[in-house]
Amino acid sequence: MLKAMPKDSSFDEQMKELEQERKALSSVIRAMEEKNVFNFLSDEGLLPNYAFPEAGVSLKAILTRKKERVLASDTDDDGYERVTYEYSRSSSSAISEFAPDNSFYVGGHQLKIDQIDVNTSEPVDWRLCPNCNHAEPASTLHNTVACPVCGSNAWGDSGQIRRMLKVRTVYSTQPYEASQIGDESDDRSSKFYSKQMLVDVDEQHDIESGYQTTDGKLPFGYEFVRKATLREINFGESDNIGTRMKVAGREDIRNGFRLCRFCGKVQPRSQQAKAKHTSICKAAKKDFKDTFEECMFLYREFVSEAIRILIPATSMDTNRTKMESFSAAIMLGLKKHFGSVEHLRFTVMDAPVQDAEYRKQYLVIYDSVPGGTGYLKELTVTPDSLMDIFDLSLQEFVRSKLNAARAMTAV
C-alpha cells in the first residue's frame, strides 16, 4: 500500500522502518512456533489434575545489529539482522522487573522495557475503595454510592476509578550494541515502585472456620479463608511529586505509567517530550485525541487459600519491626512442620473499624499457588493446629539460644 503512494522525502525512511518491523515480528512468530505445546499448556494452567503456579509474564527482546556480510544477490536484505530473545518471570516478580521503562539485566544485556502488549490483555477501568481492600471492574458495578463491603461513601468518587492492565507480554526493541553492558555494578540501576497487595475477602461466604481467644485480655484470633482474592497493584514509580490517591486506608502518590493506548509504547514522563509509537501505530500518522493512557496501573490477581491472623494490636501501635519478627517466627514454625514452604507468602492488611480512628491489622498467610495446596487448611483443622506451629517456633528459638550460649562458654 505504501509502495503505491507518491514518493516524497520521507518515503525511504518509512519503508525502512516498516521493513525492520516486519522482520522483527517474523522473528517473534518463529520463536512462538518453536515453543513446545505442552510447555505452553503448562504455563497457561490448562492441563488437568495439576496445580500450576500463577501464569507468568514474557519479555520478548528484539535486538538489531548490522550483518558482517551482505550478499549482493539478496535484494531484499537491508543489511541488518534481528536477534530475538524471550524470557519469562513469575507475575510476582514481573510486576516490577518488567514494568514500563525498567531495565532487565541478563546475559550481558540491559533490556529496557519500551512497549507493553495492550492487545493480549486490554486495559480495564477499576473502582478502588479508599477505605478497605475491595475493588471491582467499573463496568460490573450496580451500586456506585457506597462500598458494598465497608460502606464507605468515598467509594463513589470519580477519582477512585483508574485504568489497570494485567500484563502478559512486554517488549524491548533496541540496537544490539546499545544493549551490551559490563559486569560492573555501576552499569546497573534500580527503580522503586509504589506497590500494594489487596486481600479481598467475602466474609459472609469465604471464611470456612475460625478461632479466637476468650480471656478478654488481648484480642487474638485466626480464620481460614477458602477463597481469597489477592490483587497486587503497581501504582508507578515512587515519587515525591504527583497525584495522591487513597487505597485501602493508605494514601500515597500514585502516578501510574504513561503508554500509547493503541500500540503500548512507553511514553516519556514529560508531556513536552516527543511521543513514541511503532511505525504501524495509527496514532503515529494521525492527530488522534486521547492517544495516551496517562495514569495506567499494572496488576496481577489470583484466588487462593489464606489464613488471616488478627494482630493483638491496632494500626496505631504496631511497627514494621514487630510485624516482620512475628512473620519470621511463624515461617520458622511452618518450616519445622512442613519442610518446604516456599509457596507460602505473607502480607499485612488492615481493615476499618466502624466509628473508630484506628484500624484492625491482620497478618495474612496466603498460598501463592492459585486455588491452594491444602497446607493452610491443615493448620485450621483443630484449634491447636496453628498454636502447635507457634510452639515449634519457640522450641527452635530456645534451642538456638542454648547452642549459642554453649558456643560462647566453650570459647
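These notes cover the structure that comes with them. (Residues numbered from 1 in each chain as written. Predicted model: local features only at pLDDT ≥ 70, side-chain atom pairs only at ≥ 80, totals over all residues. Heavy atoms only, no water.)

**Considering the overall build of the protein**
At step 1: Counting its secondary structure elements, the protein contains seven helices and 18 strands.
At step 2: The contacts in the protein between residues at least 6 apart in sequence include a share of 68% that link residues at least 24 apart.
At step 3: Within the structure as shown, the protein displays about 23,800 Å² of accessible surface, and the carbon and sulfur contribution to it stands at 50%. (Helix = DSSP H or I, 4+ residues; strand = E, 2+ residues; numbered from the N terminus. Contact = heavy atoms within 4.5 Å. Areas by Shrake-Rupley, 256 points an atom, 1.4 Å probe, with all protein chains shown as cover.)

**Observations regarding the environment of Met245**
At step 1: Secondary-structure assignment places Met245 in strand E13 (residues 244–247).
At step 2: We classify Met245 as buried; its relative accessible area is 2%.
At step 3: Met245 sits 117 residues away from Leu128 along the chain, and the two C-alpha atoms are 9.9 Å apart.
At step 4: The residues touching Met245, leaving out its near neighbours within four places in the chain, are Leu128, Gly159, Gln160, Arg162, Arg250, Glu251, Asp252, Arg254 and Phe297. (Buried < 20%, exposed > 50% of the residue type's maximum accessible area, 1.4 Å probe, protein only.)

**Regarding the nonpolar core**
At step 1: Formed by 25 residues in total, the largest nonpolar core has its most connected members in Leu59 and Phe98.
At step 2: Residue assignment for this core shows that the elements contributing at least two residues are strand E1 (57–66), strand E2 (80–89), helix H3 (91–97), strand E15 (257–260) and strand E16 (292–314).
At step 3: With four residues, E1 is the largest single contributor of residues to this core.
At step 4: Those residues in contact with Phe98 that sit more than four places away from it in its chain are Val57, Ser58, Leu59, Tyr87, Arg89, Phe104, Ile113, Ile116 and Val170.
At step 5: Core analysis: the second largest hydrophobic core is formed by 19 residues, Phe220, Ile309, Val341 and Leu386 among them. (Core = buried A, V, L, I, M, F, W, Y, C linked by side-chain atoms within 4.5 Å.)

**Points about the side chain of Arg258**
At step 1: As for its position among the elements, Arg258 is in strand E15.
At step 2: At a separation of 3.2 Å, a polar atom in the side chain of Arg258 contacts the main-chain carbonyl oxygen of Pro268.
At step 3: Not counting residues within four places of it along the chain, the set of residues in contact with Arg258 comprises Lys265, Val266, Gln267, Pro268, Ser270, Gln271, Phe292, Glu293 and Glu294. (Polar contact = N/O pair within 3.5 Å; in protein donor to acceptor, adjacent residues only side chain to side chain.)

**A short note on the sheet that holds E2**
At step 1: The four strands lie next to each other as E2-E1-E9-E5, forming an open sheet whose pairing is mixed. Either end of the sheet is taken by a strand with one partner, and the two such strands are E2 and strand E5 (115–116).
At step 2: As paired elements, E5 and strand E9 (residues 169–175) share two bridges and run antiparallel to each other. Its bridge partner lying in E9, Ile116 is registered against Val170. (Pairing = 2+ DSSP bridges.)

**Here we look at the pattern of salt bridges**
At step 1: Under the definition given, this model contains 23 salt bridges.
At step 2: As a salt-bridge pair, Asp350 and Arg359 come within 2.7 Å of each other at their nearest N and O atoms.
At step 3: Through salt bridges with shared partners, a single ionic network connects Asp125, Arg163, Arg261 and Glu293. (Salt bridge = Lys/Arg side-chain N within 4 Å of Asp/Glu carboxyl O.)

**Let's talk about the packing of aromatic side chains**
At step 1: Throughout the structure, instances matching the rule amount to 10 aromatic pairs.
At step 2: Taking the centre distance of 5.9 Å and the plane angle of 55° together, the rings of Tyr87 and Phe104 count as tilted. Of this pair, Tyr87 sits in strand E2 while Phe104 sits in strand E3 (residues 103–106), placing them 17 residues apart in sequence. In this structure, Tyr87 and Phe104 share a single accessibility class: buried.
At step 3: Between the aromatic rings of Phe98 and Phe104, the centroid separation amounts to 5.2 Å while the plane-to-plane angle is 85°, which identifies the pairing as edge-to-face. Taken individually, Phe98 and Phe104 each receive the classification buried, so the pair is uniform in this respect. (Phe/Tyr/Trp six-rings, centres within 6.5 Å; stacked < 30°, edge-to-face > 60°.)

**Quick word on the pairing of strand E18 (residues 359–367)**
At step 1: Taking burial as the measure, the nine residues of E18 include eight buried ones, the bulk of the element.
At step 2: By the bridge criterion, nine bridges tie strand E17 (residues 344–352) to E18 in an arrangement that is antiparallel. When the sheet's bridge partners are listed, Leu344 is paired in E18 with Asp367.
At step 3: Hairpin geometry of E17 and E18 is characterised by an intervening segment of six residues between the two adjacent antiparallel strands and by a positive phi of about 60° at Asp355.

**Section: unusual backbone geometry**
At step 1: With a phi close to 75°, Asp101 is a non-glycine residue in the positive phi region.
At step 2: Summarising the element assignment, Asp101 is placed in the loop between H3 and E3.
At step 3: Here Ala248, not a glycine, exhibits a phi torsion of approximately 50°, which is positive.
At step 4: Secondary-structure assignment places Ala248 in the loop between E13 and strand E14 (250–253).

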